[in-house]
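Chain and residue survey
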Amino acid sequence: MTLTRRAALALPILTTLPADAADWPARPLRILVPFAAGGPADGLARMLAEVFSPRLGQPVVVENRPGAGGIIGTAAAATANDGHTLLFGSISMTIVPHLQTQPVGYDVVRDFIPLGLVGSTPFLAVVPAASPIRDIAGLIAAAKGARPPTAANSGNGTLSHLAAELFNTRTGAQIESVTYRGEGVLMPDLLNGTVGMGFLTLSSVLPHIRAGRLRALAVAGPERLPELPEVPSFAEAGLPGLEVDGWQALFAPRMTPPEGVARMTALLQEAMANPVVRARITGFGVQPATRDRAAFAVLFPEEFTRWGELVRARGIRAE
């Protein structure tokens, strides 16, 4: 028996659903992933599909619809009217529409119902080990100096790019972003000091931090990370409000019947409370969600507004 199968069987029977929720789904369920197969979002969606299917008594199929920074797959989910389509979304949903010069054809806040968070990808501010910058105070001082450090990012409009722009906005600094095509591509230049710093994901920098090749200055999140308990959050380092959380979550299109929303919300909640499922999430380099659905329902529109304001203020556009 596989670990995934054990996770599915370990979920307790749902006992708090409306009576009509037990009749849904009436046919196979589809989870759209707006990114290519093989990445963390795809892997997490497929893991959840395997957990959900035995509980629903129907096949749960993951369908990848990559392209245009997630717009193609998200648009397909927004217009789905079969009542049996879900979206495995991410924070990019709240960013990508603001980067476009033309409307994307959907409104993520209006057209999607958040069912709950699945996990998050923490971001950290890091510098090469040889850098004289030792902490956030030192970074702010250097960023306001005559020769501010450059910041490597994994792509125009990505979270690593927006984190640097948010840092500039919060501090009045003038860090210049240097755009690469992915964290793996930028890493050699960061390690050798060609670029001075970066706001990057925990999974990409942790091996280099532990090997002494990078220095972590702060966590761009609300609290310290268990992997690096000695590294403060930005708030602890004296810079509150600089939170960058690469969350991933499950959504239902607005036209999903209420019984479907109720059943999937409850089923996701049960799954996220299961230690085997949470261990599987960690295996994808993602931290299992800690916010409940109510908190995420508040966070989701706030994120859309926050990133939209930053994109407009900094004049960022998709390339």
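Provided above is the structure to which this section pertains.
Quantities reported herein were computed from a predicted structural model and do not represent experimental measurements.

Before going further, it helps to examine the overall build of the chain. From N to C terminus, the chain includes 12 helices and 10 strands. Taking 2.2 N^0.38 as the reference for a compact globule, 319 residues should give roughly 20 Å; the C-alpha atoms of the chain span a radius of gyration of 20 Å, in line with that estimate. Along the first, second and third principal axes, the C-alpha atoms of the chain reach 65 × 45 × 30 Å. Counting over 319 residues, the chain shows a buried share of 53%. Across the chain, every contact between residues at least 6 apart in sequence was considered, and the portion connecting residues at least 24 apart equals 79%. Summing over all exposed atoms, the chain offers an accessible surface of approximately 13,600 Å²; the carbon and sulfur share of this is 55%.

Time to look at helix α8 (residues 183-191). Two residues of an α-helix separated by three or four positions point the same way, owing to the 3.6 residues in each turn. Taken together, the buried positions of α8 are Glu-183, Leu-186, Met-187 and Leu-190. All buried residues of α8 fall inside an arc of 120 degrees around its axis, so they share one side. On the buried face of α8, the contacting elements are β4 (112-128), β5 (150-153), β7 (197-201), α9 (202-210) and β8 (214-219). The first or second residue beyond α8 is Gly-193, which carries a positive phi of 85 degrees.

Per the stated rule, a full pass over the model turns up 8 salt bridges. Among the salt bridges present, the one from Glu-63 reaches Arg-30, with a minimum N-O distance of 3.5 Å. With a gap of 33 residues between them, Glu-63 in strand β2 (residues 60-64) and Arg-30 in strand β1 (residues 29-33) connect regions that are remote in the sequence. For Arg-30, a relative accessible area of 22% gives the class partly exposed. Here Arg-314 ties to Glu-165 by a salt bridge, and the two come within 2.7 Å at their closest N and O atoms. Residue Arg-314 is found in helix α12 (residues 293-314), and its partner Glu-165 is found in helix α7 (residues 159-171); the two are separated by 149 residues along the sequence. In this structure, a network of salt bridges that share partners links the residues Arg-30, Glu-63 and Arg-65.

Rules used throughout
Residues numbered from 1 in each chain as written. Predicted model: local features only at pLDDT ≥ 70, side-chain atom pairs only at ≥ 80, totals over all residues. Heavy atoms only, no water. Helix = DSSP H or I, 4+ residues; strand = E, 2+ residues; numbered from the N terminus. Rg over C-alpha atoms; globule rule 2.2 N^0.38 Å. Buried < 20%, exposed > 50% of the residue type's maximum accessible area, 1.4 Å probe, protein only. Contact = heavy atoms within 4.5 Å. Areas by Shrake-Rupley, 256 points an atom, 1.4 Å probe, with all protein chains shown as cover. Arc of directions from axis to C-beta. Salt bridge = Lys/Arg side-chain N within 4 Å of Asp/Glu carboxyl O.

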